[in-house]
Amino acid sequence: MWQRASSDLASSELTIEFSRDILHKLVCPHCAAEEILFAPVGSVSYEAGRCPADGHMRVVHTLHGYEGRESFGARKLSELGLPPFDIFTARTASREFGYLLAGDAPAVLGPLAQGGG
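Residues numbered from 1 in each chain as written. Predicted model: local features only at pLDDT ≥ 70, side-chain atom pairs only at ≥ 80, totals over all residues. Heavy atoms only, no water.

Caption draft 1: Region of the structure containing the packing of aromatic side chains. Under the definition given, this model contains 5 aromatic pairs. Put simply, the rings of Trp2, Phe38, Tyr66 and Phe72 pair up and form one aromatic cluster. (Phe/Tyr/Trp six-rings, centres within 6.5 Å; stacked < 30°, edge-to-face > 60°.)

Caption draft 2: Up close: the nonpolar core. In terms of nonpolar packing, the biggest core is built from 15 residues, with Ile16, Phe18, Phe72 and Ala90 touching the most fellow members. Among the elements of the structure, α1 (2-9), β1 (15-27), β3 (59-66) and β4 (87-91) are those that each provide at least two residues to this core. Ranked by residues supplied to this core, first place goes to β1 with 3 residues. Beyond its immediate stretch of four places on either side in the chain, Phe18 contacts Leu63, His64, Gly65, Tyr66, Phe72, Leu80, Leu82 and Phe88. (Core = buried A, V, L, I, M, F, W, Y, C linked by side-chain atoms within 4.5 Å. Buried < 20%, exposed > 50% of the residue type's maximum accessible area, 1.4 Å probe, protein only. Helix = DSSP H or I, 4+ residues; strand = E, 2+ residues; numbered from the N terminus. Contact = heavy atoms within 4.5 Å.)

Caption draft 3: Quick peek at α1. Burial in α1 covers these residues: Ala5, Ser6 and Leu9. An end-on view of α1 places all buried positions within 100 degrees of arc, on one side of the element. Of the exposed residues in α1, those oriented more than 90 degrees away from the buried face are Gln3, Arg4 and Ser7. Here the buried face of α1 lies against β1, β4 and β5 (96-100). Where α1 terminates, the next one or two residues include Ala10, which has phi positive at roughly 55 degrees. (Arc of directions from axis to C-beta.)

Caption draft 4: Fine view of the pattern of salt bridges. Counted under the stated rule, the structure contains 8 salt bridges. The shortest N-O distance in the salt bridge between Arg20 and Asp86 comes to 3.5 Å. With Arg20 in strand β1 and Asp86 in the loop between β3 and β4, the pair connects residues that are 66 residues apart, well separated along the chain. A residue is classified by how much of its surface remains accessible, and Arg20, at 35% relative accessible area, is partly exposed. Connected via shared salt-bridge partners are Glu17, Arg91 and Glu96. (Salt bridge = Lys/Arg side-chain N within 4 Å of Asp/Glu carboxyl O.)

Caption draft 5: Structural context of unusual backbone geometry. Backbone geometry places Ala10, a non-glycine residue, at a positive phi of 55 degrees. Tracing the sequence through the fold places Ala10 in the loop between α1 and β1. In this structure, Phe85 takes a positive phi of about 50 degrees despite not being glycine. Mapped onto the elements, Phe85 comes out in the loop between β3 and β4.

Caption draft 6: Expanded view of the environment of Gly103. Turning to its location among the elements, Gly103 is positioned in the loop between β5 and α2 (105-109). For Gly103, a relative accessible area of 72% translates into the label exposed. Here the alpha-carbon distance between Gly103 and Asp86, two residues 17 residues apart in the chain, equals 9.7 Å.

Caption draft 7: Representation of the state of the cysteines. Applying the stated rule across the entire model yields 0 disulfides. Residue Cys31 stays outside any disulfide, its sulfur separated by 3.7 Å from that of Cys51, the closest cysteine. Residue classification places Cys31 among the partly exposed residues on the basis of a relative accessible area of 35%. For Cys51, a relative accessible area of 4% corresponds to the buried category. (Disulfide = S-S within 2.5 Å.)

Rendered as structure tokens:
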């Protein structure tokens, strides 16, 4: 997606914005243990917020986009906790493009993907 958006916008100074916030990791402020999750916000229980090592509540770190420098850039979109058949916005300082990833439409929409109903 990054390469396509960079080409479409003729810039490498861009941000890919996700359609929702993603829970990236939980970090214990007491023992500094981290758990990488990549899950939709709201899909992780309150109890999962407790550090398994010391029981303290962990700090939630979320993501809402990608700027080309983050360590998770090599992951597939499906590995980031983002839903199938989703919309993304690529934005520079002066332009933006919207992208609908429609390859999953049949799995998400069933017969509606074919125009049936």
